[in-house]
Amino acid sequence: MRLSDEFRDPALVRDIAHRIQRFAGMQATIMEVCGTHTMAVARFGLKSLLPAGVSLISGPGCPVCVTDQRDIDRYLALGMQPGVTLACFGDMMRVPGSVTSLERLRAQGADVRVVYSPMDAVEIARAESQREVVFFGVGFETTMPAVALAIKVASDERIGNFSVYCAHKTLPAALGVLLSSDEINISGLLLPGHVTTIIGSGAYDFIADKIGVTCAVAGFEPVDILLAVEAILTRLEQATAAIDNAYPRAVRVEPNSRAAELIGEVFVTCDALWRGLGCIPGSGVALAPKYAAHDACERFAAGLADVPPPKPTTCRCGEVLRGLIRPFECPHFGRTCTPTAPVGPCMVSSEGACAAAHRYEGA
Amino acid sequence: MRVTQIDGPVATAEFDGITRRVRVDLLDGVRVGDYVLIHAGLAIAIVDDEEAKSTLALLRGVYDAAQ
């Protein structure tokens, strides 16, 4: 069996599911903060394996979903300018802005191209020097190195017609804010495996040491997720808090030093606006002054200044992202909000809680 | 995905018949034959085979003991 298949072995899944039944009756709410976990949990039906009294809820782990409406509207506005080519990841296409979406803009003739990697956007700029290519920089720390690399390559190779609208966010600061709010009682956190390959599990020490919430870094196969849940429940039983690494084949305590260098060179820390969480100090990045020529906010400052503030809507994505309501508790879910006609991003992102519920848990 | 070729900062990796070119700038000492995790065209980690095998052996040991 291939390694990834082994971590999906039904016999192992059954065994761990059976073992964790000993925690039945423990009242615990575990939050996962990674869109890939949201999808994996739904796809593999893992909630049905949890012991009674233990629930698993979704938090602000989907980078597309936590992108503020203001950033979406501003990026869309750039696409309406002549000579601009918008390049973005695929699941941004159907996210509704205040007046339009990337998909609709493209249907109306705007040049919008889906790319798999930010380097692909640099190659478009290289090949089409008459176009102004603007990449939508959305993603947490897993994506930031790839975008930083693209910006550095564009700068080094003088591809002046490439810029990034930077809406990247960093997770640890947001987790701190989430855990210190009174809205919800979170017993433990399932931490994102791939973000942690970049930042190292040590980045979360403050959550166990200062906030007193226990966490486990998890991979993405069913065995990985259940082992992490087991680690959290074990700590809760012992009334201790720690950052357990349940993904040792990929994650270390230390960060990836090359990623840290790249990110440190290309980006500077700033405050960021999160859908549902508001402004979180130090949770975003902007392009460093050395790379200002590739910062879409600088390059298109005049055009962006005219973009009106987002219109208020009845979208409840913010509450879904804070774990206050489940997708099916939103009045729009499955009725006025569907994957093809969404009210908000959680229903159309490839990592959105509502998209996962709609696809795997029935409308 | 498994690395099949490395050419400076760019590697070729394959999985299930799919072949991709990925940047490996983040990975010191990546070698042909390594399994890597990839995100947005960039390899972000090398999967530690030995660690994986030892986790599985431990789990299977527990499983066998429980039978």
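It should be emphasised that the depicted structure is a prediction, and the values quoted were computed from it without experimental measurement.

Reading the values: the criteria
Residues numbered from 1 in each chain as written. Chains lettered and ligands numbered in written order. Predicted model: local features only at pLDDT ≥ 70, side-chain atom pairs only at ≥ 80, totals over all residues. Heavy atoms only, no water. Helix = DSSP H or I, 4+ residues; strand = E, 2+ residues; numbered from the N terminus. Rg over C-alpha atoms; globule rule 2.2 N^0.38 Å. Buried < 20%, exposed > 50% of the residue type's maximum accessible area, 1.4 Å probe, protein only. Contact = heavy atoms within 4.5 Å. Areas by Shrake-Rupley, 256 points an atom, 1.4 Å probe, with all protein chains shown as cover. Lys, Arg positive; Asp, Glu negative; His and termini not counted. Charge placed at Lys NZ, Arg CZ, Asp CG, Glu CD. Buried area = accessible area lost by both parts, 1.4 Å probe. Salt bridge = Lys/Arg side-chain N within 4 Å of Asp/Glu carboxyl O. Disulfide = S-S within 2.5 Å.

1. As for the overall build of chain A
Phase 1 of the analysis: The secondary structure content of chain A amounts to 16 helices and 11 strands.
Phase 2 of the analysis: For a compact globule of 363 residues, the expected C-alpha radius of gyration is about 21 Å, and chain A comes in at 21 Å, within 12% of that figure.
Phase 3 of the analysis: Seen through its principal axes, chain A has C-alpha atoms that stretch 65 × 45 × 45 Å.
Phase 4 of the analysis: Out of the 363 residues in chain A, the part that is buried amounts to 60%.
Phase 5 of the analysis: Taking the intrachain contacts of chain A between residues at least 6 apart in sequence as the baseline, contacts between residues at least 24 apart amount to 77%.
Phase 6 of the analysis: When the accessible surface of chain A is totalled, it reaches about 14000 Å², and 52% of it is carbon and sulfur.
Phase 7 of the analysis: Computed over 32 positive and 38 negative side-chain charges, the separation of the two mean positions in chain A equals 4 Å.

2. A look at the interface of chain B and chain A
Phase 1 of the analysis: Contacts between the two partners involve 29 residues from chain B, matched on the other side by 36 residues from chain A.
Phase 2 of the analysis: In total, chain B and chain A occlude about 2800 Å² of area from one another, counting both sides; carbon and sulfur atoms represent 64% of this.
Phase 3 of the analysis: The largest share of the area that chain B buries against chain A comes from B:Leu26, B:Ala40 and B:Leu59, three residues that together contribute 20% of it.
Phase 4 of the analysis: Linking chain B with chain A are three salt bridges.
Phase 5 of the analysis: A salt bridge links B:Asp28 to A:Arg258; the nearest nitrogen and oxygen atoms lie 2.4 Å apart.

3. A short note on the state of the cysteines
Residues and elements named next belong to chain A.
Phase 1 of the analysis: Under the defined criterion, the tally for this structure stands at one disulfide over all chains.
Phase 2 of the analysis: Paired by a disulfide, Cys-62 and Cys-65 hold their sulfur atoms 2.4 Å apart. Residues Cys-62 and Cys-65 share a disulfide whose torsion about the S-S bond is about 70 degrees; that sign makes it right-handed. No difference in accessibility class separates Cys-62 from Cys-65, as the two residues are buried.
Phase 3 of the analysis: Summary of cysteine pairing: Cys-270 is not part of a disulfide, and the nearest cysteine sulfur, belonging to Cys-166, is at 6.9 Å.
Phase 4 of the analysis: For Cys-270, a relative accessible area of 25% corresponds to the partly exposed category.
Phase 5 of the analysis: The cysteine Cys-354 is free of any disulfide, with Cys-346 supplying the nearest cysteine sulfur at 4.9 Å.
Phase 6 of the analysis: Here Cys-354 falls in the buried class, since its relative accessible area comes to 8%.

4. Regarding the pattern of salt bridges
All names here are of chain A.
Phase 1 of the analysis: For the structure shown, the criterion picks out 23 salt bridges over all chains.
Phase 2 of the analysis: With a closest N to O distance of 2.8 Å, Arg-22 and Glu-237 form a salt bridge. Residue Arg-22 is found in the loop between α2 (10-19) and β1 (28-32), and its partner Glu-237 is found in helix α11 (residues 222-238); the two are separated by 215 residues along the sequence.
Phase 3 of the analysis: With its nearest N and O atoms 2.7 Å apart, the salt bridge here joins Glu-128 to Arg-113. Here Arg-113 lies in strand β4 (residues 111-114) and Glu-128 lies in the loop between α6 (118-127) and β5 (132-137), a separation of 15 residues in the sequence.
Phase 4 of the analysis: The exposure class of Arg-113 is partly exposed, given its relative accessible area of 23%.

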